[in-house]
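# Commentary on secondary and tertiary structure
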Amino acid sequence: MFEAIAFYLFAFLTIVMFYITVTTSQALYALTALAAGMIFISAFFFILGADFLGAVQIVVYSGAVMALYAFGMMFFDTTRDLKEKQGNKYVVVGLSTIAAVLVVLIFMAPIISENITALYPIGDGGNTQEIGMVLFTKYLVPFEVAAVMLLVAMISGIVLAGKKMDESLTLQSEEEINEKASK
Amino acid sequence: METAYLIETVIKIVVILLVFSALAGIGTYFERKVLAFMQRRLGPMNVGPYGMLQFGADAIKLFTKEDIVPTNVVGPIFKIAPVITAATAFIAAAAIPFLPSFTLFGYEVNPIVSDINIGILYILGVMGIGLYGPLLGGMASANKFSLLSAARSAAVFISYEVVTGLSILAPIMLVGSLSLIDFNNYQIDNGWLIFSQPVAFLLFWIAAFAETGRTPFHLVANDHEIIDGFGTEYSGMRWGLFFIGEYANMFFISFVIPLIFLGGFGDGSVLGAFAFLAKMSFFFFSFLWVRAAWPDVRPDQLMWLCWKVLMPIAVINIIITGVVMMEG
């Protein structure tokens, strides 16, 4: 019973949060609702007994949305409403149709899912160990490829951002900074 | 069975909420007294004997002050930000065992709300969400200095979460579990982890100051701008909630450090429980001690310390631990 209550509560909260994210014209509302929605999703992992994935969902997305906040801070005055450009109407209609079809598919899924069994059901070892076993045996190659991709992204980020890293504005005197600015 | 479990859990949650809300208030009294004695002052003396009722006077002031929401702020976000800070601090406490299990009126009590098998990951993750409080408060305040402070605190938290996560990885490798109870039990047989992982202990302790936003990493509030950073526009109990969140976080981190590195509550005897509380008190005291002893570091020094000193040491520590474990 508690599982059902928790599921419907968090399902409702998640949908409301993502609805706010899409419809609001206020950047701060959208970002906050996105973060909240991502964190509420972790509840489903906890309900399903996948504790490790639930905690990872919290850790990863709370950090990832934080980066979006940084962009929000740089590009918008987040305390004002934004005027959004109304784009192509056909795109909106097309996307809505696809979304509707997806919803129908999702609701049909329970009928089909009776035939689905888990490939790697959780054993006695606890799901952290089980995830480790699967990740480092069967899915080792995708895992390593993802790691290499992240490394590439990190190095390119450092190269792009790190051009003037050895200069420190804090350590320079007022005259030095003014001299640089006047050049 | 299920009803009994539900009632037990609700009682535990209420007790933890009440105890730590009160402790957060009393913590401010301790902080003012400790700082005062270290700076050769007397601190609060007028309200009650030795100023011990000062906490009550502060609470009355916070509760009865007018709750001001300035004109240009983003109302709902501004109002929810302090709640996030306070709530996440207490949500994180769900996986912390505060005492060994004991028997009360013939009923065995486990003073932990939920012993999930990913305890540490959960605590660190939820404490990480706590940083949304200062961030949202600063961004919704329509105040340039609040915004600057919010950006700075976000940078500090994100950077130091890396150090926290990496430093704790080596002890996790040794114990082979993420549950704090398992950490405690491992240290009964194998000795305290501070002796086998002294580097990880120091790194985690240093990062704890950044995670809770305490001096010398107190960049969340702009002391050098003579205003209170992200909390500038807040007043009354909303500001008080930020305060409760900060102090509750300090207490919870002070519980987590001894659990991971200093043997926790040991084998569960009464002596072990008192020793655990003593260790916790020492780490809480260290937060106040450091504040009296050291000035704040500059933001660029903070980032230098995190990325060029602490993080490489943490990675090297993990590699050495791994090699030693493979040899052994």
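Everything quoted here is computed from the prediction, not taken from an experiment.

## Points about the overall build of chain B
Within chain B, the regular secondary structure consists of 12 helices and 2 strands. Going from N to C terminus, chain B has its helices and strands arranged as α-α-α-β-β-α-α-α-α-α-α-α-α-α. Projected onto its principal axes, the C-alpha coordinates of chain B cover approximately 60 × 55 × 45 Å. Counting all 328 residues of chain B, 51% fall into the buried class. Excluding contacts between residues fewer than 6 apart, the proportion of contacts in chain B whose partners are at least 24 apart in sequence is 76%. When the accessible surface of chain B is totalled, it reaches about 15,100 Å², and 71% of it is carbon and sulfur. Across chain B, the 16 positively charged side chains and the 21 negatively charged ones have centroids separated by 13 Å.

## Observations concerning the domain arrangement of chain A
As assigned here, chain A comprises domain 1 (1–84), domain 2 (85–124) and domain 3 (139–183). Measuring from the centre of the C-alpha atoms in domain 1 of chain A to the corresponding centre in domain 3 of chain A gives 29 Å.

## Side note on the packing of aromatic side chains
Residue and element names in this part refer to chain B. Within the structure shown, the criterion is met by 33 aromatic pairs over all chains. Taken together, a centroid distance of 5.5 Å and an interplanar angle of 70 degrees make the contact between F201 and F261 edge-to-face. Residue F201 is located in helix α9 (residues 198–211), and its partner F261 is located in helix α10 (residues 236–261); the two are separated by 60 residues in the primary sequence. Taking the relative accessible area as the measure of exposure, F261 reaches 0% and is therefore buried. An aromatic cluster is defined as three or more aromatic residues linked by ring pairs; in this entry it consists of F20, F90, F98, F251, F252, F255, F265, F276 and F284.

## Section: the domain arrangement of chain B
Residue and element names in this part refer to chain B. Domain boundaries assigned for chain B yield domain 1 (1–65) and domain 2 (76–108 + 115–327). Placing a centre on the C-alpha atoms of domain 1 and another on those of domain 2 gives a separation of 20 Å. Across the boundary between the two partners, domain 1 contributes 17 residues, which contact 21 residues of domain 2. When domain 1 packs against domain 2, the two sides together hide about 1,800 Å² of surface, and 81% of this comes from carbon and sulfur. Its largest share of buried area at the contact with domain 2, domain 1 owes to F20, E31 and L62, together 34% of the area lost on that side. Applying the counting rule to domain 1 against domain 2 returns 2 salt bridges.

## Here's the deal with the interface of chain A and chain B
With 29 residues of chain A in contact, the opposing surface of chain B contributes 28 residues. For the pairing of chain A and chain B, the buried interface totals around 2,400 Å² over both sides, and the portion due to carbon and sulfur atoms is 77%. When the buried surface of chain A facing chain B is broken down by residue, F2, M66 and M73 of chain A rank first, second and third, together holding 24% of it. When residues of the side of chain A that touches chain B are traced back to their parent elements, those giving at least two are α2 (27–47), α3 (51–75) and α5 (127–136) of chain A. Per element, the largest residue contribution to the side of chain A that touches chain B is 12 residues, and it comes from α3 of chain A. Here the residues of the side of chain A that touches chain B are counted per class, giving 17 nonpolar, 10 polar and 2 charged.

## Considerations on unusual backbone geometry
All names here are of chain B. Backbone torsion omega between T215 and P216 reads 10 degrees, so that peptide bond is classified as cis. Within the secondary structure, P216 is located in the loop between α9 and α10. A positive phi angle is found at R40, which is not glycine, with a value near 55 degrees. With respect to the secondary-structure elements, R40 resides in the loop between α1 (2–38) and α2 (54–64). The class of R40 is exposed, set by a relative accessible area of 80%. With phi around 55 degrees, Y50 is a residue other than glycine that occupies positive phi space. Relative to the assigned elements, Y50 resides in the loop between α1 and α2. Take Y50: its relative accessible area is 58%, and that puts it in the exposed class.

Rules of the game
- Residues numbered from 1 in each chain as written.
- Chains lettered and ligands numbered in written order.
- Predicted model: local features only at pLDDT ≥ 70, side-chain atom pairs only at ≥ 80, totals over all residues.
- Heavy atoms only, no water.
- Helix = DSSP H or I, 4+ residues; strand = E, 2+ residues; numbered from the N terminus.
- Buried < 20%, exposed > 50% of the residue type's maximum accessible area, 1.4 Å probe, protein only.
- Contact = heavy atoms within 4.5 Å.
- Areas by Shrake-Rupley, 256 points an atom, 1.4 Å probe, with all protein chains shown as cover.
- Lys, Arg positive; Asp, Glu negative; His and termini not counted.
- Charge placed at Lys NZ, Arg CZ, Asp CG, Glu CD.
- Domains from an automatic or database assignment.
- Phe/Tyr/Trp six-rings, centres within 6.5 Å; stacked < 30°, edge-to-face > 60°.
- Buried area = accessible area lost by both parts, 1.4 Å probe.
- Salt bridge = Lys/Arg side-chain N within 4 Å of Asp/Glu carboxyl O.
- Nonpolar A, V, L, I, M, F, W, Y, C, P; charged D, E, K, R; others polar.

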